[in-house]
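Listed below are the residues making up each chain.
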Amino acid sequence: MRVLPILFNGDMVRAILDGRKTVTRRVVKNKYSNTEMKMRTDKYGKRLVEIQRDVEGETYGKNEDGSTWHKLRGYIEPKLPYQPGDTLYVRETWQYMYDLDGNDQIIEVTGRYVYAADGFEVDTWVNPDGTHREGIPWHPSIHMPKAAARIWLKVTDVRVERLKDMCSDYDNFLKEGLIQEHGFRSELANCFKRLWNSTIKKSELDRYGWDASPWVWVIEFERCEKPEEV
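Residues numbered from 1 in each chain as written. Predicted model: local features only at pLDDT ≥ 70, side-chain atom pairs only at ≥ 80, totals over all residues. Heavy atoms only, no water.

K.L.:
Summarise the sheet that holds strand 1 (residues 3-7); cite the residues concerned and give the values.
P.N.:
One open sheet accounts for five strands, arranged 1-8-13-14-2; its pairing is mixed. With one partner strand each, in any of the chains shown, strand 1 and strand 2 (23-27) form the two edges of the open sheet. Averaged over all adjacent pairs, the angle separating strand axes in this sheet is 45 degrees, with direction ignored. (Pairing = 2+ DSSP bridges. Helix = DSSP H or I, 4+ residues; strand = E, 2+ residues; numbered from the N terminus. Axes fitted to C-alpha atoms, helices over the stretch in contact; angles between N-to-C directions.)

Laid out in structure tokens, this is it:
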């Protein structure tokens, strides 16, 4: 059994906790700058590959004698980020909060994890060295240790498709955690578009943004208990 991390922002964490989110989409990123993603069908079946672009002078062209040449384009097969059966622990924005005595002194032997997605707030934070500061200094989700994870997921299916393919079924937006109050399909699509684009670097929107409809991994999951052996 593989146990792997997966990152979610606060809104998506709340959607998982509410039981609304059962699927996530992650972009299939190009490994090289001179390639493109295409579906390839051969004796091994149909699958997504990253293949060198067919560019004159690089993969084909003319010789001085007028004859033509064409080079076989190299390709690689993107590796699935997760597989059915994998167990995932959700990384989210977090902090470890020590218990205090009546004089605001830290009791180092006890404490608990707290999570930004819960809307947890304190007016004054006491650092381990005894100094004070206003508010909680949250740790980014990327730095969350496995021991702090409170949400565990079991991967049930992984497939690849174009991002905008999800527009074919209204339920796809609901499974991503959006709620019906967002409106009809077109309004749900606009809501998801804003959400998706917020996760993409501005310099990569032309390639991986909603309008580009990139290839994405569609990862379906269900809540599960923390494995005993972890």
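K.L.:
Describe the pairing of strand 13 (residues 152-162), and please don't skip the residues or the numbers.
P.N.:
Examined bridge by bridge, strand 8 (residues 87-91) and strand 13 share three bridges and lie antiparallel to one another. If you follow Leu-88 over to strand 13, its bridge partner there is Leu-153. With 10 bridges connecting them, strand 13 and strand 14 (residues 215-224) associate as antiparallel partners. Bridged to Val-158 within strand 14 is Ile-219.

K.L.:
Lay out the environment of Val-218 in plain terms, naming residues and giving numbers.
P.N.:
For Val-218, the position within the fold is in strand 14. Residue classification places Val-218 among the buried positions, given a relative accessible area of 0%. Through-space distance from the C-alpha of Val-218 to that of Trp-69 is 39 Å; in sequence the pair is 149 residues apart. Discounting chain neighbours no more than four positions away, the residues touching Val-218 are Val-23, Thr-24, Arg-25, Asp-157, Val-158, Arg-159 and Glu-161. (Buried < 20%, exposed > 50% of the residue type's maximum accessible area, 1.4 Å probe, protein only. Contact = heavy atoms within 4.5 Å.)

K.L.:
Please provide a residue-by-residue account of the side chain of Arg-91, values included.
P.N.:
Considering the arrangement of structural elements, one finds Arg-91 in strand 8. Despite being buried, Arg-91 has no salt bridge partner; Glu-92 is the closest side chain of opposite charge, sitting 11 Å away. At a separation of 3.0 Å, a polar atom in the side chain of Arg-91 contacts the main-chain carbonyl oxygen of Met-144. Those residues in contact with Arg-91 that lie beyond four places of it in its chain are Pro-5, Ile-6, Leu-7, Phe-8, Ser-141, Ile-142 and Met-144. (Lys, Arg positive; Asp, Glu negative; His and termini not counted. Salt bridge = Lys/Arg side-chain N within 4 Å of Asp/Glu carboxyl O. Polar contact = N/O pair within 3.5 Å; in protein donor to acceptor, adjacent residues only side chain to side chain.)

K.L.:
Which residues make up the nonpolar core, and what values go with them?
P.N.:
Phe-8, Val-90 and Leu-153 are the most contacted members of the largest nonpolar core, which totals 20 residues. Every element with two or more residues in this core is listed here: helix 1 (10-17), strand 8, strand 13 and strand 14. Of all hydrophobic cores here, the second largest spans 17 residues; its members include Leu-163, Leu-174, Leu-178 and Cys-191. (Core = buried A, V, L, I, M, F, W, Y, C linked by side-chain atoms within 4.5 Å.)

K.L.:
Explain the pairing of strand 3 (residues 35-42) residue by residue, including any values.
P.N.:
Pairing analysis gives eight bridges linking strand 3 to strand 4 (residues 45-52), with the strands arranged antiparallel. Residue Met-39 lies in a different strand from strand 4, and its bridge partner there is Leu-48. Taking the residues that link successive antiparallel strands as the turn, the strand 3-strand 4 hairpin has two residues.

K.L.:
Please give an account of helix 1 that cites residues and values.
P.N.:
Those residues of helix 1 not exposed but buried are Met-12, Val-13, Ala-15 and Ile-16. Here the buried residues of helix 1 occupy an arc of 160 degrees about the axis, which is enough to place them on one side. By the N-cap criterion, in which a side-chain oxygen at the helix start approaches the backbone nitrogen of a residue two or three places on, helix 1 is capped by Asn-9, the distance to Asp-11 being 3.2 Å. Residue Gly-19 follows helix 1 closely and has a positive phi angle near 80 degrees. (Arc of directions from axis to C-beta.)

K.L.:
Now, about the sheet that holds strand 4: what can you tell me, with residues and values included?
P.N.:
Read from one edge of the open sheet, three strands run 3-4-7, paired in antiparallel fashion. Unpaired on one side and paired on the other, strand 3 and strand 7 (75-76) mark the two borders of the sheet.

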